[in-house]
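Structure assessment
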Amino acid sequence: MIPIIKPVFGPEEEKTVLEIMKSGQITRGKWTLKFKEEFSSYTGVTFCHTVCSGTAALYIALKALGINNREDRVIVPSMSFMATIDAVILAGGTPVVVDIGEDYCISPEALEEAVEKYSPKVVIPVHLFGQTADMDRINQICREKDIYVLEDAAQAHGAEYRGKKAGNLGDMAAFSFYASKNVAMGEGGAILTNDVYLDEKISNWIEFGDHPALNLRITEFQAGIGYWQLKKLEETNEKRRKIAKLYNEEFKNLPGLILPQEFEGRKHVYHIYALRHPERDKIVEQLIQKGIGARVYYEYTLHQLRNAEHLDCSFGEQVSREIFAIPVHAALKNDEVSYIIETVKDIINNL
Ligand SMILES: *Cc1c(COP(=O)(O)O)cnc(C)c1O
């Protein structure tokens, strides 16, 4: 089976894990500091905190932004991984779900309507599948009303919007370094901000001291692996982009198939290569039979999943019935890519 996702590790990661083990300093050491510095300089964001998962990063970010009780509304898009809405619920706030647009990210028009109706404290644009949301329009809507913008950048390491990196496009950002992500540590996460006041709020939630806090630290092993993953990110993202471009070229005339689009001014890093087709279930079943790890991201929408307040989300609902993903990761070999292309063509032409 060609797996849907596979991390690429090399001799640098191996050497570093051994070195950490031999040194005896297995948490709170130099690799955690090195990773934080490297991730700050890579994204161009001043302050970086590491935590044990992307979900923890979202939760801490929401607490730092003042989400506290049911009156505190947080806008999320109809399509994302469930952690985006679950973090809001865990933080004690009320999620309000609005629809996505053709870029599969939050629709600025829908956001504008929700802002009028609900007066939210925070909006979470999710850079879904590796492409950023329309951040200029989102920031403009939120700035006028003093609403915080929290990027969910868990799928968008290295993605860009008008030349700026994901993570540097709002008031705060949450990343994940889960095993499947473009930077993989196994488990891990980070919270970024350029605002010194918000940075202190984040610290208060994750560091023991004057306030009760949770221990959400990563180990030196995770930081050491993440450091090298980050060093390779431009290269592995470039490989993903090349495979995606080839798929787009090869699949462009297949009947009923909707391809991913890269929008003007944005650099897509193809965490997931997502296709749409009305006969999605049949296609995924046949791909798996032929040894290709196809998967559905996501077969749910967030308002349906958690029975949340929402505006009209009919496009997200349609997408959840049609969308599926094929492997696009940097560990793919040329013959595997060719086999995937031939198999997809064959299945769709014979439906
Ligand atoms: C993976 C992911 C998360 C959660 O990250 P974990 O590290 O698995 O907790 C949150 N949001 C999105 C969009 C994700 O893809």
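What counts as what
- Residues numbered from 1 in each chain as written.
- Predicted model: local features only at pLDDT ≥ 70, side-chain atom pairs only at ≥ 80, totals over all residues.
- UniProt positions renumbered as here; feature names shortened; annotations may be inferred.
- Helix = DSSP H or I, 4+ residues; strand = E, 2+ residues; numbered from the N terminus.
- Rg over C-alpha atoms; globule rule 2.2 N^0.38 Å.
- Buried ≥ 20, exposed ≤ 12 C-beta atoms within 10 Å, placed from the backbone.
- Pairing = 2+ DSSP bridges.
- Near = placed C-beta within 6 Å.
- Nonpolar A, V, L, I, M, F, W, Y, C, P; charged D, E, K, R; others polar.
- Core = buried A, V, L, I, M, F, W, Y, C linked by C-beta atoms within 7 Å.
- Domains from an automatic or database assignment.
- Contact = placed C-beta atoms within 7 Å.
- Axes fitted to C-alpha atoms, helices over the stretch in contact; angles between N-to-C directions.
- Parallel < 35°, antiparallel > 145°, perpendicular 65-115°, else oblique.
- Left-handed = near helix turned anticlockwise from the far one by under 90°.

In the nomenclature of an unreviewed UniProt entry, the chain is known as DegT/DnrJ/EryC1/StrS family aminotransferase of Persephonella atlantica. Quoted verbatim from the Sequence similarities (unreviewed entry) heading of the UniProt record, the comment on the chain is "Belongs to the DegT/DnrJ/EryC1 family."

Regarding the overall build of the chain
Regarding its fold elements, the chain presents 13 helices and 13 strands. The C-alpha radius of gyration of the chain comes to 20 Å, within 12% of the 20 Å expected for a compact globule of 351 residues. Here the C-alpha coordinates of the chain stretch approximately 65 × 55 × 35 Å along the principal axes. Within the chain, the fraction of its 351 residues that count as buried is 49%.

Digging into the sheet that holds strand E10 (residues 266–267)
Here three strands make up an open sheet; going across it, the order is E7-E6-E10 and the pairing antiparallel. A single partner strand is all that each edge strand has here, and the edge strands are strand E7 (164–165) and E10. The sheet contact formed by strand E6 (residues 160–161) and E10 spans two bridges and is antiparallel. Bridging across to E10, Tyr 161 finds its partner in Arg 266.

Section: the site of the ligand
Around the ligand, a shell composed of 14 residues is seen, among which Ser 53, Gly 54, Thr 55, Ala 154 and Ser 176 lie nearest. Counting residues per element, the ones that place at least two in the shell around the ligand are helix H3 (54–64) and helix H4 (83–91). Here the shell around the ligand is composed, by residue class, of five nonpolar, eight polar and one charged.

Section: the nonpolar core
Membership of the largest hydrophobic core comes to 107 residues, with the highest contact counts inside it found for Ile 60, Ala 61 and Leu 62. Both of domain 1 (11–231) and domain 2 (234–349) provide at least three residues apiece to this core. Apart from residues lying up to four places away in sequence, Ile 60 is in contact with Val 51, Ile 191, Ile 202, Trp 205 and Ile 206.

As for the packing of helix H9 (residues 233–251) against helix H13 (residues 334–349)
Where H9 meets H13, the axes come as close as 11 Å, and the angle between the chain directions of the two elements is 30 degrees. Judged by the inter-axis angle, H9 sits roughly parallel to H13. The interaxial crossing formed by H9 with H13 has right-handed handedness. Here H9 contributes Ile 243, Leu 246, Tyr 247, Glu 250 and Phe 251 to the contact with H13, which in turn contributes Val 337, Ile 341 and Val 344. A breakdown of the residues in the contact of H9 with H13 according to their chemical character gives seven nonpolar, no polar and one charged.

Concerning the domain arrangement of the chain
Interface size, as often reported, equals the accessible area lost upon joining of the parts. Domain boundaries assigned for the chain yield domain 1 (11–231) and domain 2 (234–349). Once you take the C-alpha centre of each, domain 1 and domain 2 turn out to be 24 Å apart. In this complex, domain 1 contributes 36 residues to the contact, which on the side of domain 2 involves 32 residues. Broken down by secondary-structure element, the contributors of at least two residues to the side of domain 1 that touches domain 2 are H4, strand E3 (94–98), helix H5 (108–118) and E6. Examining the composition of the side of domain 1 that touches domain 2, we find that five residues originate from one element, E3, more than from any other.

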